[in-house]
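Okay, here's what each chain looks like letter by letter:
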Amino acid sequence: MSSIPTEKGDSKDKIQILWTKYKPVAIFLAKSSLKYVKRVGATVAFIVFAFLSLPTIKDAKVLELPEPPEMSGPLAPNTALSVGERLYEGVLHGPESFIIDGDHIYTTGTNGHVVDLYNGTIRNVARVGTGACGGPFEEPTCGRILGMRMDKEGRIVFIDTYFGLYRVNIRTGEMETLYSSSTPINGQKATLLNDLDIADDGKIYFTDSHDMYPRNQFIRALLEMRPCGRLLMYDPDTKKTKVVADGFLFPNGVQITKDKTGVLVAETLAFRVKRYDLKTKTVSMFAENLPGTIDNIRYSKETGTYWLGMSSPRSKGKPAPIDKMARNPSGRKTFMGRLMTPDIVNLMGHLDPKGSEFIYGIISELDENGEIVGAYRDPEGDVVEVGSEVQIKDGYIYISSVFSNFLAKVNLKTLRAATAA
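About the cut-offs
Residues numbered from 1 in each chain as written. Predicted model: local features only at pLDDT ≥ 70, side-chain atom pairs only at ≥ 80, totals over all residues. Heavy atoms only, no water. Helix = DSSP H or I, 4+ residues; strand = E, 2+ residues; numbered from the N terminus. Buried < 20%, exposed > 50% of the residue type's maximum accessible area, 1.4 Å probe, protein only. Contact = heavy atoms within 4.5 Å. Areas by Shrake-Rupley, 256 points an atom, 1.4 Å probe, with all protein chains shown as cover. Pairing = 2+ DSSP bridges. Axes fitted to C-alpha atoms, helices over the stretch in contact; angles between N-to-C directions. Disulfide = S-S within 2.5 Å.

On to the overall build of the protein. Helix and strand content of the protein: seven helices and 24 strands. Buried positions account for 49% of the 421 residues belonging to the protein. Within the protein, contacts between residues separated by at least 24 positions form 57% of all contacts whose residues are at least 6 apart in sequence. Per element, the accessible surface of the protein, about 20500 Å² overall, is 55% carbon and sulfur.

Our focus in this paragraph is the sheet that holds strand S21 (residues 372-378). With respect to topology, four strands assemble into an open sheet ordered S18-S19-S20-S21, the strand pairing being antiparallel. Each edge of the open sheet is held by one strand with a lone partner, namely strand S18 (293-300) and S21. Mean inter-strand twist for the sheet, computed between neighbouring axes without regard to direction, equals 20°. Two strands pair when backbone bridges link them, and strand S19 (residues 305-311) and strand S20 (residues 361-366) are joined in this way by five bridges, in the antiparallel orientation. Of the residues in S20, the one forming a bridge with Met310 is Ile362.

A word on the sheet that holds strand S2 (residues 98-101). Strand pairing in a sheet relies on backbone hydrogen bonds. The paired strands run either parallel or antiparallel. Reading across from one edge, S2-S3-S4-S5 is the order of the four strands in this open sheet, with antiparallel pairing throughout. Of all strands in the sheet, those bounded by a partner on one side alone are S2 and strand S5 (121-127). Neighbour to neighbour, the strand axes of the sheet diverge by 20° on average, direction disregarded. Where strand S4 (residues 113-118) and S5 come together, six bridges link them in antiparallel fashion. In the strand pairing of S5, Asp116 is matched with Arg123.

In this section: the state of the cysteines. Under the definition given, this model contains one disulfide. Here Cys133 connects covalently by a disulfide to Cys142, the sulfurs 1.9 Å from one another. Measuring handedness by torsion sign, the sulfur bridge of Cys133 and Cys142 sits at about 95° and is right-handed. Classification of Cys133 as partly exposed rests on a relative accessible area of 30%. The exposure class assigned to Cys142 is buried, which follows from its relative accessible area of 1%.

With that settled, consider the pairing of strand S13 (residues 240-248). As paired strands, strand S12 (residues 229-235) and S13 are joined by seven bridges and run antiparallel to one another. Its bridge partner lying in S13, Leu231 is registered against Ala245. Taken together, S12 and the strand that follows it, S13, pair antiparallel across an intervening segment of four residues, in which Lys239 is found at a positive phi of about 60°.

Remember that the coordinates give geometry; whether it matters functionally is a separate question.
Right, here's the structure in full:
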């Protein structure tokens, strides 16, 4: 008697029949998939290899930062900077610093000039660089003027970050070199000259923010987070420049103290201001854990306070990008250091920061003891996009920005009213 096929046996037979029928197709698909995987794998490997072959930052350090401050009291949220006006919009290109002298405003831009703004007109006063301007690769030859001040004789003293420290007669245009960045100081040439102030005795204090990366690669200087910045001093009697203090974390803005006994230095990377004592030659803390990334610092006789231009606001629960990256040196070196090429940085500088929670208009005010008086904001960028420098003149606040094409003007009384308790 014949046996009855089991269900299990039937299944095996069916699988065998299907395999025999579709075997050629399966083999074809497997080979094709393998070729595709190999191609994709090779492409991915090439991209990774090419990316890792890009130059990156030399070094990266762990940076210990305090938890950002709470947005309460003088740091409470506000829109105090959102009511005002924009001056010379579209005419200026990245004014970093400026001088108000009567009806004249002297400022800087990406065209490498010191310019004179007067009654709606603009006049070129001085330029150190030569050739075409416009992008990060042209800057080292075009020039980029950052900090500037007016001395007792009415001459403008300014820094071209690539070339050095200069003084110009605004009437005749005659210009003289006070310090050339090609001249080593303690065996090291200046790499990223930034801001300055002039003491009563004529000595000029100015910052050299980094020892390796120039301004068109300043993002890489920030990514390293190395304390390699210096405070320099030019002596008009000896005509020599020397280092008076070092070990700063990207020293930026400079301001002689109200009592003339010290020099304040804004440390961009550390969200703080340090004080160099002119008598003891020592450095101490003046203000720390501030609510944004600091650029320049200026003293106002009208308010009796110090004003700081800022970008990248920070608060408890909303840290700035620097806060987030501070404890990840390997990520900064492996990824961000390769990604932030001069072209990418230039592109970022042309992006509209309006409405960004990471970059918007913010300035801060400190009293003579370094205590925070207030932080004033324009979160939507209606008037102020980013703050680089702040000055007070005849009851108005003037704000410049290296990323904007205008100067902002805000009524001081309106600002005070907007932040009154």
